[in-house]
Structure formats: C-alpha cells, structure tokens
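Here's the letter readout for the chains.
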Amino acid sequence: MINFDLRNKKALVTGAASGIGLATATRLARCGAVVAMNDLDTNDKLTAEVARLRGEGLKVYSAPGDVSQSDSTAHVVSHAVNLLSGLDYLINNAGTPGTKSPIPLDDFDALTPAFWQKMLDVNLLSAFWMTKAARGALMESRGSVVNTVSISAYTCDGSSTAYACAKAGLVHLTRHLAKAMAPLVRVNGIAPGMVNSPWECSFGDQEEYARTAVPLRRIGQPEEYADLIVFLATAAPYVTGEIVVADGGVQL
Ligand code: NAD
C-alpha cells in the first residue's frame, strides 16, 4: 500500500463510483489530496460513495457528468476546478464494455455503428475531451494525467473488438498527449488485466480463469491498480508516455 503526502494536491477521477476509480479516489484522499469524484449522473452509487468517504473525514466532492461527450466534459472539469480551486492530477478511468458477455471476434453483426460509437466515445474519446478541458489547469500546476487502458489493447481476448480497438487507441493517445503537453504535464497509463470489480461484462468463473490463465494465480484488486495510478500520477517525475501493464503475467 502506497502512502504519499498529497496535502494541498487536487485530483479529478472519472468513473469514481466503482472499482478502480473508487479505489483511486480513496487512495488519493487518504494521502491528503482533495478529490473530485466523477461518474454518470444517473449512477446513484456516486452520491453514496462520496457521502461514505466524507463520513470518514476525507475531502471528496461529487462532480457528476457523462465524460464521453465533449460538452459535458467541459462542464465536469470546470465544476471540479472550481470546487478544488485548481487541478494537479486528472485520472481518466471511466470505461464500459457495453455488453454483459464477450462478443465473439467473428460476430460482425453485433458490432453495430451505435456500439462502435459508444465504445470509442466512452473508452477513447473521453480521455481526449477531459484532458483538453483540463489542459489549462494542469499546465498551471505542472500536473499529470493517468489513463486506465486495458491489456485488451495488446491481445484479442477483451469483451469485444470495438472495446479493444478503443483501448488500443488510448495507448497511442496517451503517447500523443504526453508529447503535446511536455515538459509541463506528464501523461501515462496503466493496462489492467482482469479486475475484481462490478464490471458489466462477465468472463465466467474468475477463480477458474485465475487458476488456469494467470501465472500469479489470482485476478487484480482495484486497490492494486489504484496504487499504480497514484504512483504514476504523483511519484514518477521522469516517466511520461508510458503504459504500465498489470495483469498478473497473463501475457507471458
Ligand atoms: P467499474 O464498472 O467498476 O467502473 C467503471 C465506472 O465508470 C462505473 O462506475 C461507470 O458508471 C463509470 N462510467 C462508465 N461510463 C461513464 C461515462 N460515460 N462517464 C462517467 N463515468 C462513466 O469497472 P472497473 O473495472 O473499475 O473499470 C475501470 C477502468 O478499468 C475502465 O476504464 C475499464 O475499461 C478498465 N479495465 C477494466 C477491466 C476489468 O476487468 N474490469 C480490465 C481492464 C481494464
């Protein structure tokens, strides 16, 4: 477990009502940062989790909104920057598989135009719109960005071709943003393997998967990914444009 002194630091985490985003917001806040937690305004869990963390004495705020649309990202970011009086760390973590079970690679009919667009909007373009909206505040603070990618960017085993291609695009977007915002702002990403989260898409028996496919014999906990995100955001001053894979060795 990582503990940094992040007092006076300000962070915005997307997809923060659940899983990796919730664990990251919690870790940042426990290290002393003030955190704006974003999720869909239709997700009641956001209000509940913000209230729970505030009850623990943590300085967290709610910054709801759909990060897949450029106009609402401008609103989410300006709301968060006003609440926090600035921004040091942007964590682009929101994502969706858009399907309850994996779509076979040869099922081209399932990959409708609307499905492709949703995958690209939520899993790729959201990171661009959010970073664009936050660029001024991040440049001012000499802050950093961390994007949550996926090992599906490198394999053909994700929830769908469209999701995997969006995440592959996010790998390259991370590199482009890193070069575009250097030297003032660093931009990195993490690529999780399977996560023990309420993720909408089920891949079947997780214990069986861990036993047969993961060299470290277990799936990753949200808190483990959160620690990596916090490390890249706050404590890796000479690292930019990189994606750290955390998959228990699945690709070995
Ligand atoms: P999760 O479902 O627990 O959390 C994702 C959160 O994102 C949800 O609270 C959801 O409401 C929110 N969200 C979705 N669309 C949004 C939007 N348009 N605007 C704002 N919020 C939105 O899942 P998780 O496992 O914690 O996933 C976090 C990230 O990790 C995602 O980017 C996902 O692609 C990535 N990832 C997950 C897995 C996995 O196995 N679960 C594996 C690799 C990568």
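Read on for a plain summary of the structure.

1. A short note on the pattern of salt bridges
Consideration 1: The full count for this structure, using the stated rule, is 8 salt bridges.
Consideration 2: Put simply, D5 and R7 hold a salt bridge, and the shortest N to O gap is 2.7 Å.
Consideration 3: Residue classification places D5 among the exposed positions, given a relative accessible area of 52%.
Consideration 4: A salt bridge links K100 to E200; the shortest N-O distance between them is 3.6 Å. Separated by 100 residues along the polypeptide, K100 in the loop between β4 (89-92) and α4 (113-141) and E200 in the loop between β6 (186-192) and α6 (206-213) bring together distant segments of the chain.
Consideration 5: For K100, a relative accessible area of 61% gives the class exposed.

2. Quick look at the environment of A74
Consideration 1: Along the chain, A74 turns up in helix α3 (residues 70-84).
Consideration 2: Classification of A74 as partly exposed rests on a relative accessible area of 41%.
Consideration 3: Between the C-alpha atoms of A74 and T131, which are 57 residues apart in sequence, the distance is 9.7 Å.

3. Considerations on the sheet that holds strand β2 (residues 34-37)
Across a sheet, paired strands are connected by hydrogen bonds in the backbone, their directions being either parallel or antiparallel.
Consideration 1: The 7 strands are arranged β3-β2-β1-β4-β5-β6-β7 in an open sheet whose pairing can be described as parallel. This sheet does not close on itself; its edge strands, each paired only once, are β3 (60-62) and β7 (243-246). Recorded for the sheet is a direction-independent mean angle of 20° between the axes of neighbouring strands.
Consideration 2: Here α4 sits on the sheet in contact with β1 (10-13), β4 and β5 (144-148), set at roughly 180° to β4.
Consideration 3: Against the sheet, helix α7 (residues 222-234) makes contact with β4, β5, β6 and β7, and its axis sits at roughly 165° relative to β6, the strand it touches most.

Reading the values: rules and limits
- Every residue gets a number counted from 1 within its own chain, in the order that chain's sequence is written.
- For this predicted model, a pLDDT threshold of at least 70 governs which residues receive local features, and a threshold of 80 or more governs which side-chain atom pairs are given and counted, while totals over whole chains, interfaces and linings are taken from all residues.
- The side-chain quantities take in all heavy atoms of the structure and omit both hydrogens and water.
- The salt bridge definition used is simple: a Lys or Arg side-chain nitrogen within 4 Å of an Asp or Glu carboxyl oxygen.
- Each residue gets one of three labels from its accessible area relative to the maximum for its type: buried under 20%, exposed over 50%, partly exposed in between, using a 1.4 Å probe on protein chains only.
- The helix count covers DSSP runs of H or I at least four residues long, the strand count covers runs of E at least two residues long, and both are numbered beginning at the N terminus.
- The rule for pairing is simple: two strands pair if DSSP sees at least two bridges between them.
- To get an axis, fit a line to the C-alpha atoms, keeping to the stretch in contact for a helix; angles then go from 0 to 180 degrees between the N-to-C directions.
- Two residues qualify as a contact provided that any one of their heavy atoms is within 4.5 Å of a heavy atom in the partner residue.

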